[in-house]
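Notes for the structure review
Here are the chains, one letter per residue:
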Amino acid sequence: MPDPAAHALLPTLTRIAEALERLAPAPPARPDLGAADGFVWHPAPLPHLAPVPRIAAVEVVLLKGVEQQKKILLENTLRFARGLPANNAMLWGARGMGKSSLVKAAHAAANAEVAGALALIEIHREDIRTLPDLLNILRGQERRCLVFCDDLSFEREDADYKALKSVLDGGIEGRPANVLFYATSNRRHLMPRDMIENESRGAIHGQEAVEEKVSLSDRFGLWIGFHNCDQETFFAMIEGYAESFALPIGTEELRKAAVEWSITRGGRSGRVAWQFVQDMAGRLGVRIAA
């Protein structure tokens, strides 16, 4: 015979189960990747991709002093846009030399070549541990996606480090065929040099400890270095901008002002060149796109 007490509890247990289902977070909605060419990943409070109406990108022809780096990344991105095999890429090196600008320019150039082929999805450094969740949302989507993390680095081998390592390894599911991961970093091996050296000195098997710390960057198929520019390259940068924006100023006067500007900034780089051109355009009364 059925237990009367258990039978009496059944409606209560049903109501509890229904209440728990209502409290459980809904699964993330399938994103419309055709809504924009760029998105920003927000993992909380409700995971979603926020469309970016206009990606702030510089035309690839305006990026000077990084010709070999441009060639490598453009070829890789175009292969991916055409549905061919391509590699994850890590752009590392000197500050302000156009690493993130090149990623955005390569995305724009690939979409110009293969109309609307790629969505650029930015994931913030602090959200790297949610990268597997993002890939699960993108898995199976028709549109190809470049997932991009700017200024990536780690202070220790934490959950974020392990999450990225797992994604680059592919795990048992493998990286989704429609997703490529690009990152930029000022650090060659994504970790502070003193941390790697301390591991080498303190570990019983020093070389093995070092190899473990640098193994993450080794998991990127492309490893593209950027270095400080000399004065001629700096002049080429500002003159390219000046020509593109039709600044009414002679070359000699432009160069003299650029040298003074670089001295006040303590160095030369693509970022310094762009900041100088913005200042000069303002002084000359010329409007340029930000």
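Residues numbered from 1 in each chain as written. Predicted model: local features only at pLDDT ≥ 70, side-chain atom pairs only at ≥ 80, totals over all residues. Heavy atoms only, no water.

**Quick notes on the overall build of the chain**
Summing up its helical and strand segments, the chain has 10 helices and seven strands in all. Within the chain, the proportion of its 290 residues that are buried is 44%. At a minimum sequence separation of 6, the contacts of the chain that also span at least 24 residues come to 76%. Looking at the chain as shown, the accessible area adds up to about 16000 Å², and 53% of this sits on carbon and sulfur atoms. (Helix = DSSP H or I, 4+ residues; strand = E, 2+ residues; numbered from the N terminus. Buried < 20%, exposed > 50% of the residue type's maximum accessible area, 1.4 Å probe, protein only. Contact = heavy atoms within 4.5 Å. Areas by Shrake-Rupley, 256 points an atom, 1.4 Å probe, with all protein chains shown as cover.)

**Regarding the sheet that holds strand β7 (residues 222-226)**
One open sheet accounts for seven strands, arranged β2-β1-β4-β5-β6-β3-β7; its pairing is mixed. The strands lining the two open edges of the sheet, one partner per strand, are β2 (48-52) and β7. Ignoring strand direction, the axes of neighbouring strands in this sheet form an average angle of 25°. Where strand β3 (residues 89-93) and β7 come together, five bridges link them in parallel fashion. Bridge assignment links Leu91 to a residue of β7, and that residue is Ile224. Sitting on the sheet, helix α3 (residues 99-113) is in contact with β3, β4 (118-122), β5 (144-149), β6 (179-185) and β7, with an inclination near 155° to β4. Strand contacts of helix α4 (residues 131-138): β1 (38-42), β2, β4, β5 and β6, with the helix running at about 165° to β5, the strand carrying the most contacts. (Pairing = 2+ DSSP bridges. Axes fitted to C-alpha atoms, helices over the stretch in contact; angles between N-to-C directions.)

**What about the confidence of the model for the chain?**
Of the residues in the chain, 79% reach a pLDDT of 70 or more, and the chain-wide mean stands at 84. Below a pLDDT of 50 lies the segment residues 202-206, which in the model reaches two contacts outside its immediate sequence neighbourhood of four places, other chains included. (pLDDT = per-residue confidence, 0-100.)

**Some points on the side chain of Lys99**
Residue position: Lys99 is located in helix α3. Within the structure, Lys99 has its side chain in polar contact with the backbone oxygen of Gly93 (distance 3.4 Å). Residues contacting Lys99, with those up to four places away along its chain left out, are Leu91, Trp92, Gly93, Ala94, Thr184, Ser185, Asn186 and Phe226. (Polar contact = N/O pair within 3.5 Å; in protein donor to acceptor, adjacent residues only side chain to side chain.)

**What to know about the packing of helix α8 (residues 231-244) against helix α10 (residues 270-284)**
Contact geometry of α8 with α10 gives a least axis separation of 9 Å together with a crossing angle of 40°. One element, α8, and the other, α10, form an angle in the oblique class. When the axes of α8 and α10 are compared, the crossing they make is right-handed. Facing Phe234, Met237, Ile238 and Tyr241 of α8, the residues of α10 in contact are Gly270, Val272, Ala273, Trp274, Phe276 and Val277. Taken together, the residues of the contact of α8 with α10 sort by class into nine nonpolar, one polar and no charged. (Parallel < 35°, antiparallel > 145°, perpendicular 65-115°, else oblique. Left-handed = near helix turned anticlockwise from the far one by under 90°. Nonpolar A, V, L, I, M, F, W, Y, C, P; charged D, E, K, R; others polar.)

**Looking at the environment of Trp92**
Looking at where Trp92 falls in the secondary structure, it is placed in strand β3. Residue Trp92 is classed as buried on the basis of its relative accessible area of 16%. Linking Trp92 and Asn186, residues 94 residues apart in sequence, is a C-alpha distance of 5.3 Å. Setting aside residues no more than four positions away along its own chain, Trp92 makes contact with Lys99, Ser185, Arg187, Arg188, Trp223, Ile224, Gly225, Phe226 and His227.

**What about the nonpolar core?**
Core analysis: the largest hydrophobic core is formed by 49 residues, its most contacted members being Leu73, Leu91, Tyr182, Phe234, Ile238, Leu247 and Phe276. For this core, the element with the most residues is α10, which contributes seven residues. In this structure Leu91 touches Leu73, Lys99, Leu102, Val103, Ala183, Thr184, Ser185, Ile224 and Phe226, once residues within four positions along its chain are discounted. Counting 31 residues, the second-largest nonpolar core is a separate cluster that includes Trp41, Cys145, Cys149 and Phe220. (Core = buried A, V, L, I, M, F, W, Y, C linked by side-chain atoms within 4.5 Å.)

**Quick word on the pattern of salt bridges**
For the structure on display, the rule yields six salt bridges. Linking Glu75 and Lys71 is a salt bridge whose minimum nitrogen-to-oxygen distance equals 3.2 Å. Separated by four residues within a single helix, Glu75 and Lys71 lie in helix α2 (residues 67-81), roughly one turn from each other. With relative accessibility at 38%, the residue Glu75 sits in the partly exposed group. Of the charged contacts in the structure, one is a salt bridge between Glu113 and Arg82, with a shortest N-O distance of 3.4 Å. Placement of Glu113 in helix α3 and of Arg82 in the loop between α2 and β3 is noted, with a sequence separation of 31 residues between them. (Salt bridge = Lys/Arg side-chain N within 4 Å of Asp/Glu carboxyl O.)

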